[in-house]
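# Observations on the three-dimensional arrangement
Letter by letter, the chains look like this.
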Amino acid sequence: LGSQIQSVMATVEGVGDLSDAGGYAPFWGENLVAALTAPVDVPRSRLVFAPHVYGPSVYRQPYFSDASFPSNMTGIWDVHFGHVRKSGYPVAVGEFGGRYDTSGSPTDQAWQDAFVAYLRASGIRNSFYWCLNPNSGDTGGILLDDWKTVDTRKTSLLQRLWQ
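These lines cover the structure that appears in this document, whether it is placed above or below. (Residues numbered from 1 in each chain as written. Predicted model: local features only at pLDDT ≥ 70, side-chain atom pairs only at ≥ 80, totals over all residues. Heavy atoms only, no water.)

## Here we look at the overall build of the protein
When its secondary structure is counted, the protein shows four helices and four strands. Seen in sequence order, the protein has helices and strands lined up from the N terminus as α-β-β-α-β-α-β-α. In terms of overall size, the protein behaves like a compact globule, its C-alpha atoms giving a radius of gyration of 16 Å where 163 residues would be expected to give roughly 15 Å. Dimensions of the protein, computed from the C-alpha atoms along their principal axes, are close to 50 × 40 × 25 Å. Taken across its 163 residues, the protein has 42% of its residues classed as buried. Pairs at least 24 apart in sequence give 65% of the contacts found in the protein among residues at least 6 apart. Accessible area of the protein: about 8,500 Å², with a carbon and sulfur share of 54%. Computed over 12 positive and 15 negative side-chain charges, the inter-centroid distance for the protein is 9 Å. (Helix = DSSP H or I, 4+ residues; strand = E, 2+ residues; numbered from the N terminus. Rg over C-alpha atoms; globule rule 2.2 N^0.38 Å. Buried < 20%, exposed > 50% of the residue type's maximum accessible area, 1.4 Å probe, protein only. Contact = heavy atoms within 4.5 Å. Areas by Shrake-Rupley, 256 points an atom, 1.4 Å probe, with all protein chains shown as cover. Lys, Arg positive; Asp, Glu negative; His and termini not counted. Charge placed at Lys NZ, Arg CZ, Asp CG, Glu CD.)

See the structure below:
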């Protein structure tokens, strides 16, 4: 049992509601502001931080209406979880996704494109995209409503992340 425990990785999500969110409302699981000031008692070699990050198709946070959107998001992501990666901890996005639409303002496509660019620039290539099934009410899926056809816009987005 001892050797099995030594190979275990702990994956830690952020929180959604904490008095210190860096001044920006986080999504549930996104806020890792205090991760380095109140660290988890797990060896660095066994710890992966996994924020959950979403765009305007899930909930219209106030910063999505900023005149500089989506370029304002880099600073917000740095505050919420990017500082953890910059401190040398591994980060794998536990959830991100959305409708990837171009309707409305701000658009979810602009948010997801900016997020993938941020992840690439930050050296974060591991992630879980939400979701495969098309009946997720606020995100849709990688599969379209017929449950067979792939939304190639979303798979192209993910290919950019993994290049």
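## Some points on the nonpolar core
Counting residues in hydrophobic clusters, the biggest one holds 33 residues, and the most contacted among them are Phe49, Met73, Trp77, Phe81, Phe96, Trp111 and Phe115. Sorting elements by how many residues they give to this core places helix H3 (residues 108–122) first, with six residues. (Core = buried A, V, L, I, M, F, W, Y, C linked by side-chain atoms within 4.5 Å.)

## A closer look at unusual backbone geometry
The linkage connecting Ser105 with the following residue, Pro106, adopts the cis geometry, with an omega of 5°. Take Pro106: it is sitting in the loop between strand E3 (93–96) and H3. Cys131 follows Trp130 through a cis peptide bond whose omega is 0°. By secondary structure assignment, the location of Cys131 is in the loop between strand E4 (127–129) and helix H4 (152–162).

In short, shape yes, function no, at least from these values alone.
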